[in-house]
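Take a look at the letters that make up each chain.
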Amino acid sequence: MNPQTIKKLRRFREIKRGYYSFLFLVGLILISAIGELLVNNRALMVSYEGSWYFPTYSDFHPGSDFGLGYGYETDYRELQKVFKAAGTGDFVIMPLVPFDALENNSSTGIYKPEAPSAEREHYLGTDTTSRDILARLFYGTRIALLFSIAFMVWVYAIGITIGCAMGYFGGVFDLIFQRLIEIWSNIPFLYTVIIVFSVIPATFANSTRIAILLTVMVLFSWTGMTYYMRTETYKEKSRDYIAAARIIGASHSRIIFKHVLPNVMSTLVTFMPFTIVSAISAITALDFLGFGLPVPTPSLGELLKQGTANLRTAPWIVTSAFLTLVVLLTVVTFIGEAVRESFDPKKFTVYK
Amino acid sequence: MYINFRHLFFSLISASILSACGGPDTAEIEAPAIDNEQEVQDYYAANPDFFSFKNISDLPTDLVWENGMHLNELGSEQATKGGTEYYQIQDFPRTLRRVGPDSNGSFRPWINDYTSLGLAHRHPDKFEFFPALAESWALDPENKTVYVKLNPDARWSDGVPVTTDDMFFMFFFYQSDYIVAPWYKNWYSSQYTNITRYDDLTFSITTPQFKPNGGSNVIGLGPVPRHFYRELGDDYVDRYQWRFQPTTGPYIVRKKDIVKGSSIVLTRLDDWWAKDNKFFKNRYNVDRIQLNVIRDTAKAFEAFKKGDIDQARLNLAEFWYDKLPNSDSDVQNGYIHKSLFYNQRPRPTYGLWMNTSKALLDNLDVRIGIQHATNWQLVIAKYFRGDYSRMQTSSDGYGEFSHPTLKAREFDIDKALEHFAKAGFIERDANGVLINADGQKLAFTLSTGYTNMQDILTILKEEALKAGLEFRVEVLDGTAGWKKVQEKQHDIHFAALNVGLEMAPRFWETYHSDNAYDDAFLEDGSVNPDRKLKMQTNNLEAMTHFEMDGLIERYRASSDKEEMKALAYKMTEIHHDYASFVPGFYQAFFRIGHWRWLRYPEFFNHKHASMARQYHVHWLDLEMREETLAAQKAGKTFAPVIRTYDQFR
C-alpha cells in the first residue's frame, strides 16, 4: 500500500472518536447481515422426533411438519410452548428477539401500543398495531443502511465518471454538461420522488419498488458530486505527470481512472460519510411523509410518524426511533469528521 | 340538508382530501356583466313539455295535501342561542360554489347538506317528511306527479322571497353545461319529466317512475336562487368561485370571514325566516361557527384537549380508549364529557371490492376463497376492539329492505384452501404463497385511498398468507385511490361508498352490467366477446350477471313495496353468490368528546343522525363556559359525565 495512505489510515486510527464510531458501524452492519439469526419469528433450531430443522434461511415449514394441524407457516413461539408442555424431549431454540417486523403480536387481545417489557420479550414495546418495535427498528435500520450505501455507490459512480470527464475533456463538452446539470439540478427533488413513486404500480414486488425509489433518488443526487470532481480534475490535468502519461500514449480512460482518480481520492473519501447521512435523512423524511418505502416495510420514518401521532399515549415509539436515528447519524458524522481530518494534507501547516 | 343526490349516494367517503388553497378571485372584479334572463326564458319556451305554465284554477281539486306537522319537534327546548363555536376542518375549501369542479369536497355539509333547506326533509326519528320550504305537498301516484305549495314566508338570506321561479330555474341551472357537473345534468334531465307553474308559490313536478317512497325524489329537491345566478354563463366556475350563494338556511358566510388557507366562519342570521318554525326553532343555536384548518388529526385532537376546539369526534378506538380514556383528568374532573350514541341508518359499504375483469378474479372459486381468507373478525376484534360490527351484505341498514338472514362468509382457512384448490392452486412456494401448475402465484394488489386505515390492510395481509393468499398493499392518497377504481385499474380495493338516508338500497349503480361494460351481453344473454370495460362508473366489481340486470330493471320500475323487497332480497343473494365484494365492517354508533359547555339534548341526538352535528341540535352554554374556565383555574371539579345513549341500539 502507498505509504501516504498508510499514514492517513494510521492518523484515522489515532482519532479515537471517529475510529470507534467506525468499528461500531462496521459491527452494526455485520450484525444486521446475520439479522435473521437475532431478530426473527422463525426458530434457530427445532428438534422434532429426532430430526433437526434450521428454518431461519430455509423454505417455510408448514405447521404440519411439526405435528401442528395447519398448512401455513409454523408459529414457532407456540411450538416452543407445545413442546415444553409435551415434555417429549423435542425443543425449539428461538432467536434473542422472537418477533418478525411484520407480525402483529398483542398480549391483550387488541392492537395498540404496549410499553416495553422484558417479560413479553418486547424490549422496546410495540407499535400501534402491536408489532415489535425492536424488530421494526432493526430491519428498518438495516434497510436504511443498505439503501444509503447503495445510494452512495451509485451517486459516486455516476458523479465521478461525469465530473472527471468534464474536467478532463473541458471545452464544449464541459460547457454543455454544466448547463445540463444546472437545468437538471433545478428540478425539485422531493416532488419528483413523490410523483414518480405514486405512479409505480403495486404489482411490482417490494424489492423492485425500493430499487425504483433508489434509482430516482440517485438520478437527482449525482449532480453535486460532479462539481468537485470537475475542479479537482482540472487541477490535476495541468500537472506534469498527466502530460507525461499522455506523451507515453496512455488512453483517456487510463489517465482518468489510473492517474487522476487516485489523486483526487481524498476529496472523495471525505464526502462519503456525509452522503450516507443525507441518504438516511432523505429516506427517513420520505417515509415520514408517507412517500418512501412501500407499506408495510419497516422503516425509521414510519416509526417516527407513528410516534409523533401518539406522543402522549405511547412515548416509547418516538423515543426509540428518534434515538436510533440520532445515534446512527452521529456515528456516521463522527466517522466523516475523522476521515476528513486524517486525509487533510495540511495537518502540520501553520497559517501566518 | 336538502338532498344532493350526487354527494349522498355516489361519492366515495373521503378519508383524506388533498389540501388546496383558494385561487385568485380576480374574475369577480373583471368579469363583464351578463344578464341571462332572455336565455332562461328562451330555454323554458324551447322545452314546452318540460316547463309548463298554468293558472291556479287548473290545480286539481281532489288532491290530498300533507304537511308533516304532526311529527315531533327536533332538538331540545332547553337550547339557548348564542356564542361562537370552534371546530376543526382538515382542508380549506377549494371553492364556495355548490356545484361544479372541486365543490364535492368535505366542506359541502357546512354550506349545503346540513345547513340548507329543501322543500321537505326526512324526519330523523320517524323517517316521514317534515316541511321546510314547502308548506304542504300532495302526491298523485297515478300521474307520477307531486304538487307543492311553498311557504309564503320562505326567504333567501338576502331577503328575496323563494318562489316557483327558483324551482324552474333549478332545472335550468342543473341541466346547463355552464356548471360543469355532468352528474347533475344527467340526473335532472333523466329523473324528471315536467315542472308546472300554477302561481308564484304553487307548482308540480313529474317523474318517469313513481317510487313508493313518499315522493322523495321531488320533495327532497331544493331551489336555486334565480336572482343570484343572473350572471350564469361560460365563466361560471371562475365567476362564482368565491361567491357565497344566498341560502334558505340559517348560516351565511361573510366575505370578511374567509381567511384563505386558515379559517372560515359561518354566521347565523338573526332574522332567519324559519327561526320560529316547529322543526327548526331548537336547532342551529350557535351564533358563529369558526372552522379552523388543522391538517393533522393528532394535532387537532391536542387543540381539542387544550380547549381551542369545542368538540371532537372520537370514533376511532385509539382516541376513545387511549388518547381520551375515561381516566383522563379532564374527563374525571368533568370538564370534558364523553358521549356514545347508537344510530340507525344505511351503512357505508366498507369492504373489499374485487375487480372481476382481472385475470384470476374472474374465477368464482378464487373469489370465494378470498372471502374466506379475509379475516375481518380479527380486524374488528383487535383493531376496532370489538366496537364495530361485521357487515353482512352490501346493503345493510335499510331496515326491512336489508336481507334478514344472509351472512357474510367467515374467515376459514380450510374453506379458503378448498376453493383455491378448485381453482388450481394447490402447491405452496417457499414463502407459503399458493401457486398453480403454471407457476402463477396467488397474489393480488390490495389498494386503498384511506391512508389512515392502512393498518387494517397490513393485518389482512398477514392473515391471508395463512391461507396461501398474498396481498400486496398499496396505499394511495384519497384522490389517486378513487381515480384508480374509477378507471377500473384495481385488483382488489378497500373503500366504502357513502349512502344517503333512503328507504331502499340502490343496485343499478353498482351491479348493473351497463356500468361494467359497453354491451356486456348479446341478445340471448350470452357474454359478448367484444365487450369493453366501462370507466368512471360505480360498478367497481365490474359485475355482470344477466339475471341481475333484469331484476334491477324490474326493481327500478317497480312501485310496489312488497315486490321491491322481494327483488332486493333476491339481488342481494345473487350478489352474495357472485362473491365479488367482501363485506367489511360498520359502525353502529358515533361518539364524541365535548367540553362541558357545549351541550346536547337529553336524548343526545335523533335516530337516523349520521354524525353528532348533522342536525345542529347542540348549543353553547356561555355561563357554563365561564364557570368551567374559572373552575379549571381554581382547581374545582365537577362530576364526570360519560354517557351511552343506546335507545336506538
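Residues numbered from 1 in each chain as written. Chains lettered and ligands numbered in written order. Predicted model: local features only at pLDDT ≥ 70, side-chain atom pairs only at ≥ 80, totals over all residues. Heavy atoms only, no water.

Undergrad: So what's going on with the overall build of chain B? Residues and values would help.
TA: Check the secondary structure of chain B and you find 20 helices and 29 strands. Taken over the C-alpha trace, chain B has a radius of gyration of 26 Å; the compact-globule value for 649 residues is 26 Å, and the two agree within 12%. When burial is assessed residue by residue, chain B has 61% of its 649 residues classed as buried. Surface accessibility of chain B: about 25100 Å² in total, with carbon and sulfur atoms responsible for 49%. (Helix = DSSP H or I, 4+ residues; strand = E, 2+ residues; numbered from the N terminus. Rg over C-alpha atoms; globule rule 2.2 N^0.38 Å. Buried < 20%, exposed > 50% of the residue type's maximum accessible area, 1.4 Å probe, protein only. Areas by Shrake-Rupley, 256 points an atom, 1.4 Å probe, with all protein chains shown as cover.)

Undergrad: So, the overall build of chain A: which residues are in play, and what are the values?
TA: For chain A, the count of helices and strands is twelve helices and three strands. Every one of the 352 residues in chain A was classed for burial, and the buried ones make up 47%. In chain A, of all internal contacts separated by at least 6 residues, the share reaching a separation of at least 24 is 63%. Carbon and sulfur atoms form 66% of the exposed surface of chain A, whose accessible area is close to 17700 Å². (Contact = heavy atoms within 4.5 Å.)

Undergrad: Go over the interface of chain B and chain A, please, and point to the residues and values.
TA: Tallying the contact residues gives 33 residues for chain B and 27 residues for chain A. Taken together, the two surfaces of chain B and chain A that pack against each other cover about 2500 Å², and 55% of this comes from carbon and sulfur. Seen at the junction of chain B and chain A, the total is two salt bridges. The closest approach of N and O atoms between Asp 322 of chain B and Lys 112 of chain A, which form a salt bridge, is 3.8 Å. Where chain B packs against chain A, one counts six residue pairs in polar contact (both at pLDDT 80 or more). Residue assignment for the side of chain B that touches chain A shows that the elements contributing at least two residues are α9 (297-306), α10 (317-323), α13 (376-383), α15 (454-466) and β20 (470-475) of chain B. Broken down by element, the side of chain B that touches chain A gets its largest block of residues, eight residues, from α15 of chain B. Taken together, the residues of the side of chain B that touches chain A sort by class into twelve nonpolar, five polar and 16 charged. (Buried area = accessible area lost by both parts, 1.4 Å probe. Salt bridge = Lys/Arg side-chain N within 4 Å of Asp/Glu carboxyl O. Polar contact = N/O pair within 3.5 Å; in protein donor to acceptor, adjacent residues only side chain to side chain. Nonpolar A, V, L, I, M, F, W, Y, C, P; charged D, E, K, R; others polar.)

Undergrad: Please provide a residue-by-residue account of the pattern of salt bridges, values included.
TA: Residue and element names in this part refer to chain A. Counted by the stated rule, this structure contains 54 salt bridges over all chains. Between Glu 302 and Arg 131 there is a salt bridge; the shortest N-O distance is 3.5 Å. Separated by 171 residues along the polypeptide, Glu 302 in helix α11 (residues 300-309) and Arg 131 in the loop between β3 (91-93) and α4 (133-169) bring together distant segments of the chain. The burial state of Glu 302 is the same as that of Arg 131; both residues are buried.

Undergrad: Report on the domain arrangement of chain B, specifying residues and quantitative values.
TA: Residues and elements named next belong to chain B. What the domain assignment lists for chain B is domain 1 (5-9 + 30-74 + 96-248), domain 2 (312-343 + 588-645) and domain 3 (351-586). Computed from C-alpha atoms alone, the centre-to-centre distance between domain 1 and domain 3 is 36 Å. Between domain 1 and domain 3, the contact holds twelve residues from the first and 14 residues from the second. Summed over both sides, the interface between domain 1 and domain 3 buries roughly 1100 Å², with carbon and sulfur atoms accounting for 57% of that surface. Applying the counting rule to domain 1 against domain 3 returns zero salt bridges. Seen at the junction of domain 1 and domain 3, the total is zero residue pairs in polar contact (both at pLDDT 80 or more). Sort the elements by how many residues they give to the side of domain 1 that touches domain 3 and helix α1 (residues 5-10) lands first, with three residues. (Domains from an automatic or database assignment.)

Undergrad: Lay out the side chain of Gln 178 of chain A with the relevant residues and their values.
TA: All names here are of chain A. Looking at the secondary structure, you find Gln 178 in helix α5 (residues 171-184). Taking relative accessible area as the criterion, Gln 178 reaches 16% and is therefore assigned buried. Setting aside residues up to four positions removed in sequence, Gln 178 forms contacts with Met 166 and Arg 230.

Undergrad: Run through the environment of Thr 207 of chain B, naming residues and quoting values.
TA: Residue and element names in this part refer to chain B. Mapped onto the secondary structure, Thr 207 falls in the loop between β9 (202-206) and α7 (216-219). Sequence separation between Thr 207 and Pro 141 is 66 residues, and the spatial gap between their C-alpha atoms is 9.9 Å. Sequence-distant contacts of Thr 207, that is, excluding residues within four places in its chain, are made with Lys 144, Gln 191, Tyr 192, Thr 193 and Val 218. A distance of 2.9 Å separates a polar atom in the side chain of Thr 207 from the backbone oxygen of Gln 209.

Undergrad: Residues and numbers for helix α2 (residues 16-33) of chain A, please.
TA: All names here are of chain A. Taking 1.5 Å per residue, 18 residues should reach 26 Å; α2 reaches 25 Å between its end C-alpha atoms and fits that length. Restricting attention to buried positions, one finds in α2 the residues Gly 18, Tyr 19, Ser 21, Leu 25 and Ser 32. Axial view of α2: buried residues confined to an arc of 165°, hence all on one face. Looking at the buried residues of α2, the elements they touch are α1 (3-14), α4 and α12 (315-343). (Expected span 1.5 Å × (residues − 1). Arc of directions from axis to C-beta.)

Undergrad: Residue-level account of the environment of Thr 313 of chain A, with values.
TA: Inspection of the secondary structure puts Thr 313 of chain A in the loop between α11 and α12. Separated by 303 residues in the primary sequence, Thr 313 of chain A and Arg 10 of chain A have C-alpha atoms spaced 49 Å apart. Non-local contacts of Thr 313 of chain A, meaning those with residues more than four positions away in its chain, are made with Asp 322 and Lys 323 of chain B.

Undergrad: Residues and numbers for helix α12 (residues 364-373) of chain B, please.
TA: At 3.6 residues per turn, the α-helix brings residues three or four places apart onto the same side. Residues and elements named next belong to chain B. Most of α12 sits inside the fold, with nine of its ten residues counted as buried. Regarding α12, the residues found buried are Asp 365, Val 366, Arg 367, Ile 368, Gly 369, Ile 370, Gln 371, His 372 and Ala 373. Its side-chain oxygen placed 2.8 Å from the backbone nitrogen of Asp 365, Asn 363 serves as the N-cap of α12.

Undergrad: Please set out the packing of aromatic side chains residue by residue, giving values where relevant.
TA: Tallying each qualifying case throughout the model produces 76 aromatic pairs over all chains. The interplanar angle of 90° and the centroid separation of 5.4 Å between the aromatic rings of Phe 138 of chain A and Tyr 139 of chain A together place this pair among those described as edge-to-face. Measuring from centroid to centroid gives 5.8 Å for Phe 341 of chain B and Phe 604 of chain B, while their planes differ by 40°, and the two rings are tilted. Of this pair, Phe 341 of chain B sits in strand β14 (residues 336-342) while Phe 604 of chain B sits in the loop between β27 (598-599) and β28 (619-620); the two residues are 263 residues apart in sequence, bridging distant segments of the chain. Like Phe 604 of chain B, Phe 341 of chain B is buried. Positioned above the aromatic ring of Phe 127 of chain B is the side chain of Arg 122 of chain B, whose terminal nitrogen or guanidinium carbon lies 4.1 Å from the ring centre. For the cation-ring pair, Lys 338 of chain B lies above Trp 320 of chain B, with the distance from its terminal atom to the ring centre recorded as 4.2 Å. (Phe/Tyr/Trp six-rings, centres within 6.5 Å; stacked < 30°, edge-to-face > 60°. Lys NZ or Arg CZ within 6 Å of the ring centre and 35° of its normal.)

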